[in-house]
Every structure is written in structure tokens, then in C-alpha cells.
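# Structural features, examined
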Amino acid sequence: MAFELPNLPYAHNALEPHIDARTMEIHHGKHHAGYTSKLNAAVEGTDMEGKSIEDLLANNTDNKAIRNNGGGFYNHRLFWEIMSPNGGGTPSGELGQAIDDSFGSFENFKKKFSDAAATQFGSGWAWLCVHPGGKLEVCSTPNQDNPLMPGAGCEGQPILGIDVWEHAYYLNYQNRRPDYISAFWNVINWDEVASRYAKNK
Ligand code: MN
């Protein structure tokens, strides 16, 4: 059973002005679609066929095609889901409490996550991960690596991530990655992040 490019959960222009429609069209329709088809090509006819994406990422980091395209498939699927046109604000409930407990305050967390995204050299991602027991950690990874890959970043389950490849922001923000990172806070779907926290804590 092949992996399928998921539909965006909103229109291409829904995240404007923070992320523009043309960037979303290319990012989803070309980049994510490309990772998905190359992932399928890499597993087809091998003993990896039929395995879950989580299983593939946890056990095949020495396979470059799986690492890059499987990572790209997984990371972008998460990325679309943790954004929303009705996003932004701050998380409440147990996720809000866990952020306070792990980082001292939401503002401290915001700074740490933004710094991780801004200082990831070249292409990559910044993550918020939850460890068993509920503690949260921020890290960044290069390329399409993610925390499901052993030794790639923070251990744990990623519940929030930001794509800092230039293809994620260059059309609208050019070299101004910090402006894109700052705009991202306006579209974070905290309900979705909280749901991922609850499932993985
Ligand atoms: Mn991307």
C-alpha cells in the first residue's frame, strides 16, 4: 500500500498573510508530492513495503532514500496539520502547563523554539518533542531528519515543527528567515499540538 500525499486541511491561501498561497501550492503540490513519490519508489518491491512511516524512520536511517524522502513525507504531513487559519495565541490546559513546567514560561519556550529555528544552519527543522512522562524538549535537525530517527535530534515524539528550508519561505520572505519564524506563531494550531501531546505524553 503506497503512501499518499494528504490533502491540505485548508485552502492554499488560508494562512495568508503569514504564509502566502503560491508558497503553499509549490510546497505541498511539488515538494511534499516529490518526497511522497520518491518514498514510494524507495520501498516498492523491498521488504520495507507495507511498513508504517514511523517504523521506516526509526529503523532505516542508513538508507538515504528513506531518510530523506520518508522524513520529508512525515515532516510535511505534521507541518500542515499543526497549522491553521484559526491558529495562534497560546496553549492552555495540560499542554500550557507542561510548557510552563519544562521551560519556565510560554515566552521562554517561544524564544527557545524560535532560536532553534533561526540558528539551524542551512535546511532543516525545529521541533517541540514530548518525552514519556510529559516533559517537553526543543531541538533542531538538518535536512529532512526528525526526532523519530535515533540520534537525530531530541528523543521523543515531535508534536510541533517548523520547516526552515528556504522553499518554505523564500518567495515571500526571501532571506528573512526570522520574519517567517515570527509569523509562524500566528498560525500554530494549538488544539492539534495539545492533542498530539495528550497522545504521546
Ligand atoms: Mn518543506
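Structure: see above.
An account of the accompanying structure is given in this report. (Residues numbered from 1 in each chain as written. Predicted model: local features only at pLDDT ≥ 70, side-chain atom pairs only at ≥ 80, totals over all residues. Heavy atoms only, no water.)

## A look at the layout of surface pockets
A volume near 190 Å³ is recorded for the largest pocket. Taken together, Glu54, Tyr74, Arg77, Leu78, Glu81, Gln157, Pro158, Glu192, Arg196, Lys199 and Asn200 form the lining of the largest pocket. At the level of elements, α3 (64–81), β3 (157–163) and α8 (190–200) are the ones that each hand at least two residues to the lining of the largest pocket. (1 Å grid on protein atoms, 1.4 Å probe; cavity = no way out; pocket = protein on both sides within 12 Å on 5 of 7 lines; lining within 4 Å. Points joined across faces, edges and corners; volume = space filled by probe spheres on them. Helix = DSSP H or I, 4+ residues; strand = E, 2+ residues; numbered from the N terminus.)

## Digging into the packing of aromatic side chains
Within this structure, the stated rule accounts for 16 aromatic pairs. Their ring planes at 90 degrees and their centres at 5.5 Å tell us that phenylalanine 79 and tryptophan 125 sit as a pair that is edge-to-face. With a gap of 46 residues between them, phenylalanine 79 in helix α3 and tryptophan 125 in strand β1 (residues 124–130) connect regions that are remote in the sequence. On the accessibility criterion, phenylalanine 79 (1% relative accessible area) is buried. For the ring pair phenylalanine 79 and phenylalanine 184, a centre distance of 6.1 Å and an interplane angle of 20 degrees mean the geometry is stacked. Of this pair, phenylalanine 79 sits in helix α3 while phenylalanine 184 sits in helix α7 (residues 177–184); the two residues are 105 residues apart in sequence, bridging distant segments of the chain. (Phe/Tyr/Trp six-rings, centres within 6.5 Å; stacked < 30°, edge-to-face > 60°. Buried < 20%, exposed > 50% of the residue type's maximum accessible area, 1.4 Å probe, protein only.)

## A look at the pairing of β3
For β3, a buried count of six out of seven residues is recorded, marking the element as mostly surrounded by other parts of the structure. As defined by bridge partners, β1 adjoins β3 across six bridges and the pair is classed as antiparallel. Paired with valine 130 across the two strands is glutamine 157, which belongs to β3. (Pairing = 2+ DSSP bridges.)

## Here we look at the coordination of the manganese ion
At this site the manganese ion is bound by His27 (NE2), His76 (NE2), Asp163 (OD) and His167 (NE2), with donor distances of 1.9 to 2.1 Å. Mapping the donors of the manganese ion onto the primary sequence yields the spacing H-x48-H-x86-D-x3-H. Highlighted residues: histidine 27 in helix α1 (residues 21–43) and aspartate 163 in strand β3, separated in sequence by 136 residues. Taking relative accessible area as the criterion, aspartate 163 reaches 0% and is therefore assigned buried. (Donors = N, O, S within 2.8 Å, 3.2 Å for Na, K, Ca; no water.)

## Examining the state of the cysteines
Under the defined criterion, the tally for this structure stands at one disulfide. Lacking any disulfide linkage, cysteine 129 is separated from the closest cysteine sulfur, that of cysteine 154, by 3.3 Å. Classification of cysteine 129 by relative accessible area gives buried; the value is 0%. (Disulfide = S-S within 2.5 Å.)

## Some words on α7
Looking at α7, one finds that the buried residues are Arg177, Tyr180, Ile181, Ala183 and Phe184. Considered in projection along α7, the buried side chains sweep an arc of 160 degrees and stay on one side of the axis. (Arc of directions from axis to C-beta.)

## Some thoughts on the packing of helix α4 (residues 93–103) against α8
The contact between α4 and α8 brings their axes to 8 Å, and the two run at 80 degrees. Put simply, α4 runs roughly perpendicular to α8. Facing α4, whose interface residues are Glu94, Leu95, Ala98 and Ile99, α8 presents Trp190, Val193, Ala194, Tyr197 and Ala198. Across the contact of α4 with α8, the residue classes tally to eight nonpolar, no polar and one charged. (Axes fitted to C-alpha atoms, helices over the stretch in contact; angles between N-to-C directions. Parallel < 35°, antiparallel > 145°, perpendicular 65-115°, else oblique. Contact = heavy atoms within 4.5 Å. Nonpolar A, V, L, I, M, F, W, Y, C, P; charged D, E, K, R; others polar.)

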